[in-house]
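If you want the building blocks of each chain, they are given just below.
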Amino acid sequence: MSPAFIRSLLLTSTFSFASPLVLIGIVLALLSAIAQIPLMTAIAQVAAEKLLQFLAVFGSGDSFQGALVIGLTCGLVGALFDAYAFYRHQNLRDS
């Protein structure tokens, strides 16, 4: 295995892992900011609660663990996609 492939695989899996976690964090931060608006407090709190319940489904009742499971799954899928793209690139180049 070439160092370029390992580097690409590590970068892809790292970014694929971090992207959903950053997205979840941004959504929760926006909901927290929206909750500061007097008329939007209830809506933002309900939306944040629903998001945390959704994450808890994947984390056996813990929303943080659910976010990690989603991140790990996305990281694995990103790594598999990168490995497939590398394989296809090698085969097309050899043909």
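Above this text you will find the structure in question.
Keep in mind that what you see is a predicted model, and the values were worked out from it rather than measured. (Residues numbered from 1 in each chain as written. Predicted model: local features only at pLDDT ≥ 70, side-chain atom pairs only at ≥ 80, totals over all residues. Heavy atoms only, no water.)

Residues and numbers for the overall build of the protein chain, please.
From N to C terminus, the protein chain includes 3 helices and 0 strands. Starting at the N terminus, the α and β elements of the protein chain follow one another as α-α-α. What you see for the protein chain is a C-alpha radius of gyration of 19 Å, clearly larger than the 12 Å of a compact globule of 95 residues, by over 25%. For the protein chain, the spread of C-alpha atoms along the principal axes amounts to about 65 × 25 × 20 Å. Every one of the 95 residues in the protein chain was classed for burial, and the buried ones make up 21%. Considering only contacts within the protein chain whose residues lie at least 6 apart along the sequence, 56% involve residues at least 24 apart. Accessible surface computed for the protein chain: about 6,800 Å², of which carbon and sulfur atoms make up 73%. (Helix = DSSP H or I, 4+ residues; strand = E, 2+ residues; numbered from the N terminus. Rg over C-alpha atoms; globule rule 2.2 N^0.38 Å. Buried < 20%, exposed > 50% of the residue type's maximum accessible area, 1.4 Å probe, protein only. Contact = heavy atoms within 4.5 Å. Areas by Shrake-Rupley, 256 points an atom, 1.4 Å probe, with all protein chains shown as cover.)

Run through the side chain of Ser16, naming residues and quoting values.
Relative to the helices and strands, Ser16 is located in helix α1 (residues 3-34). Among the residues examined, Ser16 registers a relative accessible area of 18% and is labelled buried. Separated by 2.8 Å, the side chain of Ser16 and the backbone oxygen of Thr12 make a polar contact. Every residue in contact with Ser16, bar those within four places of it in the chain, is listed here: Gly71, Cys74, Gly75 and Gly78. (Polar contact = N/O pair within 3.5 Å; in protein donor to acceptor, adjacent residues only side chain to side chain.)

Outline a nonpolar patch on the surface, listing residues and values.
On the surface, Val22, Ile26, Leu30, Ile34, Ile37, Leu39, Met40 and Ile43 cluster together into a nonpolar patch covering about 760 Å² of accessible area. Following the sequence through the fold, Met40 ends up in the loop between α1 and α2 (41-58). (Patch = residues over 30% accessible without salt bridge, like charges linked within 9 Å, V, L, I, M, F, W, Y side chains within 5 Å. Salt bridge = Lys/Arg side-chain N within 4 Å of Asp/Glu carboxyl O.)

Describe the packing of aromatic side chains, and please don't skip the residues or the numbers.
Applying the stated criterion across every chain yields a total of 2 aromatic pairs. Ring geometry for Phe5 and Phe86: centres 4.4 Å apart, planes at 35 degrees, overall tilted. Placement of the pair is Phe5 in helix α1 and Phe86 in helix α3 (residues 63-94), with a sequence separation of 81 residues. For Phe86, a relative accessible area of 30% corresponds to the partly exposed category. (Phe/Tyr/Trp six-rings, centres within 6.5 Å; stacked < 30°, edge-to-face > 60°.)

Can you lay out α2 for me, pointing to particular residues and giving the numbers?
Between its terminal C-alpha atoms α2 stretches 27 Å, which fits the 26 Å expected from 18 residues at 1.5 Å a residue. Every buried residue of α2 is accounted for by Ala44, Ala48, Leu51, Leu55 and Ala56. Take α2 and look down its axis: the buried residues cluster within an arc of 145 degrees, on one side only. With respect to the buried face of α2, the exposed residues turned more than 90 degrees away are Ile43, Lys50 and Val57. Once α2 ends, the next one or two residues include Ser60, with phi positive near 55 degrees. (Expected span 1.5 Å × (residues − 1). Arc of directions from axis to C-beta.)

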